[in-house]
Amino acid sequence: MATTTDKFKPRSIGRPRPVSSRRRKDRLFVAFCIASAALAIFVLAALLLSIAAQGIYDFRAHRFILNWNFVTGVPSREASEAGLWPALIGTLWLLGVCAATAIPIGVGTAVLLEEFKPRSRAMRRLQQFVQLNITNLAGVPSLVYGLLGLTAFAFMFGAIGESEATRRWPGTRTVEFGNRYFVQYVAAGQGDLRSGQVSYYARVPSRDASLPKPGEVTQFYDGELNPIDVQVLDAAATAARQAEIEQLTTQTTALGRDVFAAMTANPKVEKGEIERIVAAGWQKLGLRSDVTKVQDVAATELRESLAEFAGVRKVTDRPVRKAIEAAVAPIVAAEAAVRFGPAVSVDAAGQPALRPRFWYFGLPLGRSVLAGGLTLMLVTLPVIIISSQEALRAVPNSLRQASFGLGATRWQTIRNVTLPSAVPGIMTGVILAMSRAIGEAAPILILAGIVFIRFTPTNVMDEFTAMPLQIFNWASRPQREFYDLAAAGIILLLGVLLSFNLVAILIRQRAQKQG
Amino acid sequence: MTTAALDAPPPTTTPKAIARPGRLRSSSLRKLREGGILTTLLLCGCFSLLTTVAIIYTLGRETLVFFRGVPGKFDGVSIFEFLGSLRWSPLLGAEKHFGVWPLICGTIMITIVALSVAAPLGLVTAIWLSEYAPRKVRAILKPVLEVLAGIPTVVLGFFALTVITPTLQFAFIQRPALGQDGRPILGADGSPVMAAWNPFGIEGYNVLSAGIAVGILTLPIIVSLAEDALRAVPKHLREASFGLGATRFETSLKVVFPAGLSGIVAAFLLAIARCIGETMIVGLAAGNNVVPLHEITAPSMELHEFHDQRAASLATVVPGTPFVTEAFRARAGERLDEVMVGLAADAKAPAKLELLDASGAAVVASGPLAADETRVIDWKLPTSGETKGALRDFGRTVEQAGDFRVRISSDAGPLAINAVNVGGERLMPLAKRALIPVDVTSSMQPMTGYLVQIFLGDVSNLGIEYYSSYAVAALLFVMTFALTVLGHIIRVRFQQQYD
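Residues numbered from 1 in each chain as written. Chains lettered and ligands numbered in written order. Predicted model: local features only at pLDDT ≥ 70, side-chain atom pairs only at ≥ 80, totals over all residues. Heavy atoms only, no water.

**What to know about the overall build of chain B**
Next, step 1: Broken down by element type, chain B carries 14 helices and 17 strands.
Next, step 2: Pairs at least 24 residues apart make up 78% of the contacts formed inside chain B by residues separated by at least 6 positions.
Next, step 3: When the accessible surface of chain B is totalled, it reaches about 23,900 Å², and 62% of it is carbon and sulfur. (Helix = DSSP H or I, 4+ residues; strand = E, 2+ residues; numbered from the N terminus. Contact = heavy atoms within 4.5 Å. Areas by Shrake-Rupley, 256 points an atom, 1.4 Å probe, with all protein chains shown as cover.)

In structure tokens form, the structure reads like this:
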């Protein structure tokens, strides 16, 4: 009688091994695991301790490297005087721009992918494709994002024209003539640089030279680089000059109003007629500037800018007033130079005082904070999307279905039910992504380069530097003193990162307690 | 009972409203709003697609310029030279070569070192975390790994430069530094200059320490992804194995590990992608030496770029102690085009630059070079702030083959020298030549290191170097993209189903 065991022949499992040797292998493996885990902890401890030992106190020079002067100072060629303030503020600016752009887009994409599940097959394929795309983007090196940011944001593919390649310091401009370099000082009381006002120039030795110290500048030059005598006004004198110029502006707008009245009366008024009105007003105001050139420019400017308003709007309307002011500005500038004499405005430290407005925006973006923040946004976007998706997935489906049961639409559900319960998870993910963005040096290196930045950005179009980049700069120099500075900078950076992570952990703990 | 109490009206009880009724909203407006919201969200979703398209377009556009050339500025580089040639010398020299394989070789070497550190440690830790570790240990180890993952790469690069390299050089044991002739170098005060013991001959910039730092960087990635893969293996497999009498080690190795293999392989691929794309660590610690792959096939040595250690170790010129490079051989008919010296940032003292022949006698400068001519190149350093002094295009042709050296002496103050480049090509002592691609103790420039080098300089003139960096970045992108897609495919297709 054939038994079932005849058909089934078990394969040999191997020679029997003594239990003790197998148990020994197990214990050895555990010991090896503990050793490797201990190694990981040891490496982390060695990292932190070595940096702390190098960065806090200099034993040879008997001084604290990480002192208040370091935090609030500016980079310098002297290691003992260098500081990190512009980099710190630059990092915060970048963080602001990055967060403001990445969070809406990232959370929006996550909501789209998680809440709006497509029903048709083609749409489902598309959604899978988008999901795969995001996963791939998360693995792209940040260097590539830096190159993309450089070409797409800073240079804008060259489609809009050259960015100001000679901009060096926020709020000031280095102008290059041949191989000579000049720093631009705005004429006192004239407002900021970008409205095309009169300005004067002072020579500096090279493109990277520091701004001239007070008393160093002995000769100013005008727009054609002819030497010119210029008064140097401090803040109080600038305010006084500004008041005088505003009075002059008010007087000169009377000229513009006369022109507007004439154009309203006769829309087809000839250019000669306008010039006559301008000349008459000139006489009345007693303007002294170069009559022929400025009058002509003023007449053309007034005629072209007021042409669309004449007969349509009243002279007191805001667009008309703005147009008159803009057209009259060159007259005011030229007249101020003649009547009050050329003068430049310096701040309390004796540096050129230009006041770019914080809402200034120009294209192409150039190597500005805005371009840097947008590049960091590209780096953090995949991370934010993935973590927001996980946070949204963690919301129990019963909540959504209850909301639908009450008759809410999809957006009402998302806005009132899903998002509020997912917010702690989303915020944790966002904070961790931002802390990763702070530490990214490669895209910033490509976008901004190593520039000698001494001022903090005042608007989103200013040049900038960031903490990891400054650390990289110091660490790549051969002198030992800069290593200590780099270590101190790292301590600051890790401190900022640690505070971010602590906030994230606190949020997570509070959410877990509530949930 | 007073009348007042009876006459008081009974308290009215109006039920409190549980919710105020909202105003009636039109359903068509609501549909419009829903549609508007959906459109906005769709635009957000398209943004990620747009990013990928933008990356491909940007990299592709500039790479095309690199391949085609700009008439009037530079000729294009053919794709066969880019992907086929073994020589990469884009910066110095009259002839520029753009074969990308030396950079790929540097990247591969760093990846190998990084994975040989991170893979064993990472896998073992992952297995331990998922199979063995008690909860207390998990609570300690997980945060440690999270902190490691969150450390910026600049910090790790600095760590590699200041801690790992001196440790590998045994810098805690100091010996007197020996000069070219075997005698101790004397410092400014007559006492011998001390340097690290360095038994393995590890250079100041080397692949080993950069690779170890990149390994530390990728360790948390491997641990977390591998642990996820191992935890996804259902419990009943383990329990079946225990039921058969296996130890925990045998279970982990023979049951759990093969079951989670797809996820582990995907983790490795992602880690490799991360290693390839790592920029700051290699920019700080791996140096700028391009691997001279073409020399392996070259029949004889040619003129080379000479790269000595950094200023902190041997290349400090003090008055009375000149610095002499190692020998390089020049063939008859060879042309010396330039001598370039990289200096520390505050170099100010004038220096004398001499070319020495084989016997050490001083030197030849202008006119055709013969082995025994003697003339001195007197060369003043440029004004402060310059870190590179160069004699360019002094174009001397060697009449008779021989060995030459460069000697730099200083009269006024100590001069810290980073590098000496002659003729723009790589210089290698004869003994080291065979070990070129695998010599982890020396400096090798990877792809990302080249990109850092380019963008540290001035890119506003938009020459061929600027476009070559886009070509290298395009290759980098293709590599990491392929790895990520491959990892995804492996994880999805080969995932075990446990139903």
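**Examining the state of the cysteines**
Residues and elements named next belong to chain B.
Next, step 1: A full pass over the atoms with the stated rule returns zero disulfides over all chains.
Next, step 2: C44 forms no disulfide, and the closest cysteine sulfur to it belongs to C46, at a distance of 9.3 Å.
Next, step 3: Given a relative accessible area of 13%, C44 falls into the buried group.
Next, step 4: Between C105, a free cysteine, and C275, which holds the nearest cysteine sulfur, the sulfur-to-sulfur gap is 16 Å.
Next, step 5: By relative accessible area, C105 is classed as buried at 13%. (Disulfide = S-S within 2.5 Å. Buried < 20%, exposed > 50% of the residue type's maximum accessible area, 1.4 Å probe, protein only.)

**Regarding the interface of chain B and chain A**
By a widely used convention, the size of an interface equals the accessible area lost when the partners come together.
Next, step 1: At the junction of the two partners, chain B supplies 78 residues and chain A supplies 80 residues.
Next, step 2: In total, chain B and chain A occlude about 6,900 Å² of area from one another, counting both sides; carbon and sulfur atoms represent 77% of this.
Next, step 3: It is L41, F158 and F455 of chain B in chain B that bury the most area against chain A; as a group they hold 9% of the surface buried on that side.
Next, step 4: The tally of links between chain B and chain A comes to one salt bridge. (Buried area = accessible area lost by both parts, 1.4 Å probe. Salt bridge = Lys/Arg side-chain N within 4 Å of Asp/Glu carboxyl O.)

**Looking at the pattern of salt bridges**
Residues and elements named next belong to chain A.
Next, step 1: Applying the stated criterion across every chain yields a total of ten salt bridges over all chains.
Next, step 2: In this structure, the salt-bridge partner of E115 is R400, at a minimum N-O distance of 3.1 Å. Of this pair, E115 sits in helix α4 (residues 85–115) while R400 sits in helix α12 (residues 397–405), and the two are 285 residues apart along the sequence.
Next, step 3: One salt bridge in this structure joins R436 and E440, with 3.6 Å as the shortest N-O distance.
Next, step 4: Since its relative accessible area comes to 37%, R436 is described here as partly exposed.

**With respect to the nonpolar core**
Next, step 1: If you look at the biggest cluster of nonpolar residues, it comprises 187 residues, and the most contacted ones within it are L59, W88 and V472 of chain B.
Next, step 2: The element best represented in this core is helix α4 (residues 101–132) of chain B, accounting for 18 residues.
Next, step 3: Each residue touching V472 of chain B, except ones within four places of it in the same chain, is listed here: F82, W88, V100, L103, M447, Y450 and L451 of chain B.
Next, step 4: Counting 26 residues, the second-largest nonpolar core is a separate cluster that includes L255, A310, V320 and F340 of chain A. (Core = buried A, V, L, I, M, F, W, Y, C linked by side-chain atoms within 4.5 Å.)

**Points about a nonpolar patch on the surface**
Residues and elements named next belong to chain A.
Next, step 1: Together, M123, L126 and F129 make up an exposed nonpolar region whose accessible area comes to about 300 Å².
Next, step 2: Assignment of secondary structure puts L126 in helix α5 (residues 121–139).
Next, step 3: Residue classification places L126 among the partly exposed positions, given a relative accessible area of 41%. (Patch = residues over 30% accessible without salt bridge, like charges linked within 9 Å, V, L, I, M, F, W, Y side chains within 5 Å.)

**Points about the packing of aromatic side chains**
The relative placement of two aromatic rings is captured by the distance of their centres and the angle of their planes.
Next, step 1: With the rule as written, the count across this model stands at eleven aromatic pairs over all chains.
Next, step 2: Ring geometry for F29 of chain A and Y132 of chain B: centres 5.7 Å apart, planes at 55°, overall tilted. Here F29 of chain A, found in helix α2 (residues 19–55), pairs with Y132 of chain B, found in helix α4, and the two come from separate chains. For the residue pair F29 of chain A and Y132 of chain B, the accessibility class agrees, reading buried in each case.
Next, step 3: Here the aromatic cluster, defined as three or more aromatic residues joined through ring pairs, consists of F66, F67, F82 and F98 of chain B. (Phe/Tyr/Trp six-rings, centres within 6.5 Å; stacked < 30°, edge-to-face > 60°.)

**Things to note about helix α11 (residues 369–393) of chain A**
All names here are of chain A.
Next, step 1: Between its first and last C-alpha atoms α11 spans 35 Å; for 25 residues at 1.5 Å apiece the expected length is 36 Å, and the two agree.
Next, step 2: By the largest-angle criterion, T380 marks the main kink of α11, which is about 40°, and a proline, P382, follows within four residues.
Next, step 3: Among the 25 residues in α11, 21 count as buried, and that is most of the element. (Expected span 1.5 Å × (residues − 1). Bend = angle between axes of the 7 residues up to and from the residue.)

**Focus on a positive patch on the surface**
Next, step 1: On the surface, R415 of chain A together with R25, R30, K31 and R33 of chain B cluster together to form a positively charged patch.
Next, step 2: Take the positive patch: its biggest share by element is three residues, from helix α2 (residues 27–68) of chain B.
Next, step 3: Tracing the backbone through its elements, the reader meets R33 of chain B in helix α2. (Lys, Arg positive; Asp, Glu negative; His and termini not counted. Charge placed at Lys NZ, Arg CZ, Asp CG, Glu CD.)

**Focus on the environment of A40 of chain A**
Next, step 1: Here A40 of chain A lies in helix α2.
Next, step 2: If sequence neighbours within four positions are ignored, A40 of chain A has contacts with L148 and L219 of chain B.

**Re the confidence of the model for chain B**
Keep in mind that low pLDDT regions are not for reading the predicted coordinates in detail.
Residue and element names in this part refer to chain B.
Next, step 1: For chain B, per-residue confidence averages 75 on the pLDDT scale, and 63% of positions sit at 70 or higher.
Next, step 2: Helix α7 (residues 207–231) holds the highest mean pLDDT among the elements of chain B, 93, whereas strand β13 (residues 377–379) holds the lowest, 45.
Next, step 3: For the stretch residues 1–5, pLDDT sits under 50, and the model shows zero contacts to residues farther than four places along the chain or on other chains.
Next, step 4: Considering only residues more than four positions removed or in separate chains, one finds that residues 424–431, a stretch of pLDDT under 50, has 32 contacts.
Next, step 5: Both scores are given for the predicted complex: the pTM is 0.71, the ipTM 0.73. (pLDDT = per-residue confidence, 0-100.)

**Topic: the confidence of the model for chain A**
Residue and element names in this part refer to chain A.
Next, step 1: Averaged over all residues, the pLDDT of chain A is 78; the fraction at 70 or higher stands at 78%.
Next, step 2: Contacts of residues 191–196 to residues separated by more than four positions or lying in other chains number 14 contacts, the stretch itself having pLDDT below 50.
Next, step 3: Note that pLDDT drops below 50 for residues 355–359; the model gives that stretch 13 contacts with residues more than four away or on any other chain.

**What to know about the packing of α12 of chain A against helix α13 (residues 410–438) of chain A**
Residue and element names in this part refer to chain A.
Next, step 1: The geometry of α12 relative to α13 is characterised by a closest axis approach of 10 Å and an angle of 145° between their N-to-C directions. Crossing of α12 against α13: the hand is right-handed. Packed against α12, whose contacting residues are L399, R400, S403 and F404, the element α13 presents R410, T413, V417, T418 and S421 at the interface.
Next, step 2: Residues of the contact of α12 with α13, tallied by class, amount to three nonpolar, four polar and two charged. (Axes fitted to C-alpha atoms, helices over the stretch in contact; angles between N-to-C directions. Left-handed = near helix turned anticlockwise from the far one by under 90°. Nonpolar A, V, L, I, M, F, W, Y, C, P; charged D, E, K, R; others polar.)

**Some points on the environment of G277 of chain B**
Next, step 1: Along the polypeptide, G277 of chain B turns up in the loop between α10 (261–276) and α11 (280–285).
Next, step 2: Sequence spacing of G277 of chain B and T107 of chain B is 170 residues, and the spatial spacing of their C-alpha atoms is 8.9 Å.
Next, step 3: Setting aside its immediate chain neighbours within four residues, G277 of chain B contacts P141 of chain A together with T448 of chain B.

**Structural notes on the side chain of E114 of chain A**
Residue and element names in this part refer to chain A.
Next, step 1: Of note, E114 is situated in helix α4.
Next, step 2: On the basis of relative accessible area, E114 is assigned to the buried category, the value being 12%.
Next, step 3: Once residues lying within four places of it in the same chain are set aside, the contact partners of E114 are Q389, L392 and R393.

**Examining the packing of α2 of chain B against helix α14 (residues 464–493) of chain B**
All names here are of chain B.
Next, step 1: Packing of α2 against α14 leaves a shortest axis separation of 8 Å and a crossing angle of 135°. It follows from the interaxial angle that α2 and α14 lie oblique. The handedness of the crossing between α2 and α14 comes out as left-handed. For the pair α2 and α14, the contacting residues are I55, I56, T58, L59, E62, T63, V65 and F66 in the first and I464, Y466, Y467, S468, Y470, A471, A473, A474 and F477 in the second.
Next, step 2: Here the residues of the contact of α2 with α14 are counted per class, giving 13 nonpolar, three polar and one charged. (Parallel < 35°, antiparallel > 145°, perpendicular 65-115°, else oblique.)

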